[in-house]
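Each chain, written out:
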Amino acid sequence: MIDQIKAARESALKRLAAAATSDDVRAVEIDVLGKKGTLTDLKTALGKLSTIEEKKQAGSALNEASATVADALAARLAELRRAERAVQLEIERVDLTEIMRRPKRGHAHVVTQAWQRLEDVFVGLGFQVAEGPEVETDWYNFEALNMPANHPARSMHDTFYVDHGSPGSTVLRTHTSPVQMRVMQTVAPPIYMIMPGRVFRNETTDATHLAVFHQIEGLVIDRGITLPDLAGTIEAFTKSFFGADFTSRLRPSYFPFTEPSAEFDIRTPSGEWLELGGSGMVHPNVLRAGGLDPEEWSGFAFGFGIDRMAKERHAINDLREMYSNDVRFLEQF
Ligand code: DAH
């Protein structure tokens, strides 16, 4: 009997050690300690032993075996549960850093940034913002700006014509100046406006010229506006956009829509002069075309390239690079 108990105990412990799952452990429990288990059967067989001494010895051996097997069962079960849980956790694991790894965010294009900064600075100086159409009539783009059909200044504007209406009557605007006219026709003076937008020139592109680029136009119409108001505005803009250590100057020039006309330059802290744009006092013919009486109203206008501005600001060598859509280039700004 004692040998049978020992054998049952050893076989149970061996099976437990080899058990790979908690189900295996439960099977051992049923086979050994269950209703028809080996140790249970032996307990029933106790009664058949002849002497009290034998019963006592076998009884205590049985108790010891049962307790040992029960302890081993519990220990093995806990061990396997831990392992099974670890496996489960590994399977169900969610990588939280994955959620944090958001797609890379883009930002405004270098020219858009310049456009927005220009608007901010002029709005800070009291200007409002207006926009006009990119497809214009000949009248708005040229005629109303004191450039009649055979005016020599028209050749400065290599024009893209649009196949619409009578031949030559519709153009892609060559500058933002036509928006001046649209503003004069719709807004009662005093006018303090800037007009940014896309413009088009039929020319070969190179490092400093693009066929599609951006300008910002300024128009001030009020009573008693004179050339010093223009110079003062350009200077205030220069300091506020570029910094207090920059200054500006006006240089005599010619534009059909202004009289007198001036180009304006800015001086960098290193003393270098950069040409920025054109300006002047709005020509009486232009005021009249806009429905304003030149005896009552006077004003100044200016216009310059936004892309060139971004180019200067960031020391970009070639304007075309800004439109190559190369993210490695654009990321820098
Ligand atoms: N429209 C001119 C151009 O595209 C720039 C310009 C010059 C605008 C003088 C103005 C101005 O408003 O007064 O070259």
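This text gives an overview of the structure that appears in the document. (Residues numbered from 1 in each chain as written. Predicted model: local features only at pLDDT ≥ 70, side-chain atom pairs only at ≥ 80, totals over all residues. Heavy atoms only, no water.)

1. A word on the overall build of the chain
Phase 1: Of the regular secondary structure elements, the chain holds 12 helices and nine strands.
Phase 2: Computed over its C-alpha atoms, the radius of gyration of the chain comes to 45 Å, more than 25% above the 20 Å expected for a compact globule of 333 residues.
Phase 3: The 333 residues of the chain split such that 43% are buried.
Phase 4: Restricting to contacts in the chain with at least 6 residues of sequence separation, those with at least 24 account for 63%.
Phase 5: Accessible surface, the chain: about 18,500 Å² in total, of which carbon and sulfur atoms supply 54%.
Phase 6: Counting 37 positive and 47 negative side-chain charges, the chain places the averaged centre of each group 13 Å from the other. (Helix = DSSP H or I, 4+ residues; strand = E, 2+ residues; numbered from the N terminus. Rg over C-alpha atoms; globule rule 2.2 N^0.38 Å. Buried < 20%, exposed > 50% of the residue type's maximum accessible area, 1.4 Å probe, protein only. Contact = heavy atoms within 4.5 Å. Areas by Shrake-Rupley, 256 points an atom, 1.4 Å probe, with all protein chains shown as cover. Lys, Arg positive; Asp, Glu negative; His and termini not counted. Charge placed at Lys NZ, Arg CZ, Asp CG, Glu CD.)

2. Some remarks on the site of the ligand
Phase 1: Taken together, 15 residues surround the ligand, and among them His175, Ser177, Arg201, Gln215 and Glu217 come closest.
Phase 2: A distance of 2.9 Å separates a nitrogen atom of the ligand from a polar side-chain atom of Ser177.
Phase 3: In this structure, an oxygen atom belonging to the ligand sits 3.1 Å away from a side-chain N or O atom of Gln180.
Phase 4: The protein chains hide 91% of the 360 Å² of surface that the ligand would expose on its own. (Near = heavy atom within 4 Å. Polar contact = N/O pair within 3.5 Å; in protein donor to acceptor, adjacent residues only side chain to side chain.)

3. Brief notes about the environment of Arg173
Phase 1: Its place among the elements puts Arg173 in the loop between β3 (170-172) and α8 (178-186).
Phase 2: In sequence terms Arg173 and Thr159 are 14 residues apart; their C-alpha atoms lie 7.9 Å from each other.
Phase 3: Residue contacts for Arg173: discarding those within four places in its chain leaves Gly132, Pro133, Glu134, Glu136, Asn141, Pro178, Val179, Gly197, Arg198, Val199 and Phe200.

4. Regarding the environment of Pro269
Phase 1: For Pro269, the location among the structural elements is in the loop between β7 (258-267) and β8 (273-282).
Phase 2: Owing to a relative accessible area of 52%, Pro269 belongs among the exposed residues under this scheme.
Phase 3: Along the sequence, Pro269 and Asp245 sit 24 residues apart, while their C-alpha atoms lie 5.7 Å from each other.
Phase 4: Residues within four places of Pro269 in sequence aside, it is in contact with Asp245 and Phe246.

5. Focus on the packing of aromatic side chains
Phase 1: Within this structure, the stated rule accounts for 15 aromatic pairs.
Phase 2: Centroid distance Phe122 to Phe127: 5.4 Å. Interplanar angle 70 degrees. Geometry classified as edge-to-face. Neither Phe122 nor Phe127 differs from the other in exposure class; each is buried.
Phase 3: Between Phe241 and Phe242, the aromatic rings sit 5.0 Å apart at their centres with planes inclined by 75 degrees, giving edge-to-face as the arrangement.
Phase 4: With a relative accessible area of 4%, Phe241 lands in the buried category.
Phase 5: Judged by its relative accessible area of 19%, Phe242 falls in the buried class.
Phase 6: Aromatic ring contacts, followed pair by pair, group Phe122, Phe127, Tyr192, Phe237, Phe241, Phe242, Phe246, Phe264, Phe300, Phe302 and Phe304 into a single cluster.
Phase 7: The ring of Phe241 carries Arg117 above its face, with NZ or CZ at 4.3 Å from the centroid.
Phase 8: Its guanidinium or amino end placed over the ring of Tyr140, Arg182 lies 3.8 Å from that ring's centre, counting from NZ or CZ. (Phe/Tyr/Trp six-rings, centres within 6.5 Å; stacked < 30°, edge-to-face > 60°. Lys NZ or Arg CZ within 6 Å of the ring centre and 35° of its normal.)

6. Examining helix α6 (residues 110-124)
Phase 1: Its 15 residues give α6 an end-to-end C-alpha distance of 21 Å, which sits within 8% of 21 Å, the value for a rise of 1.5 Å per residue.
Phase 2: Looking only at α6, the buried set comprises Val110, Val111, Ala114, Trp115, Leu118, Glu119, Val121 and Phe122.
Phase 3: Just beyond α6, the residue with positive phi is Gly126, at close to 100 degrees. (Expected span 1.5 Å × (residues − 1).)

7. What about helix α2 (residues 22-33)?
In an α-helix there are 3.6 residues to a turn, and that puts residues three or four apart on one side.
Phase 1: For α2, spanning 12 residues, the distance from its first C-alpha to its last is 16 Å, which sits close to the expected 16 Å at 1.5 Å a residue.
Phase 2: Taken together, the buried residues of α2 touch α1 (2-18), α3 (38-45) and α4 (52-92).

8. Digging into the sheet that holds strand β4 (residues 191-200)
Phase 1: Strand order in the open sheet made by the seven strands is β1-β4-β5-β9-β8-β7-β6, with mixed pairing throughout. Of all strands in the sheet, those with a lone pairing partner are β1 (128-129) and β6 (247-253), marking the two edges.
Phase 2: The sheet contact formed by β4 and strand β5 (residues 212-222) spans 10 bridges and is antiparallel. Considered in β5, the bridge of Met193 is made with Leu219.
Phase 3: Sitting on the sheet, α6 is in contact with β1, β4, β5 and β9 (298-305), with an inclination near 170 degrees to β4.
Phase 4: Relative to β9, helix α11 (residues 306-313) is tilted by about 60 degrees, and along the sheet it contacts β4, β5, β8 and β9. (Pairing = 2+ DSSP bridges. Axes fitted to C-alpha atoms, helices over the stretch in contact; angles between N-to-C directions.)

9. Structural notes on the environment of Met184
Phase 1: Among the secondary structure elements, Met184 is positioned in helix α8.
Phase 2: Between the alpha carbons of Met184 and Gln332 there is a distance of 40 Å; along the sequence they are 148 residues apart.
Phase 3: Among residues more than four places away in sequence, those in contact with Met184 are Ile191, Leu219, Ile221, Val282, Val286, Leu287, Gly290 and Leu292.

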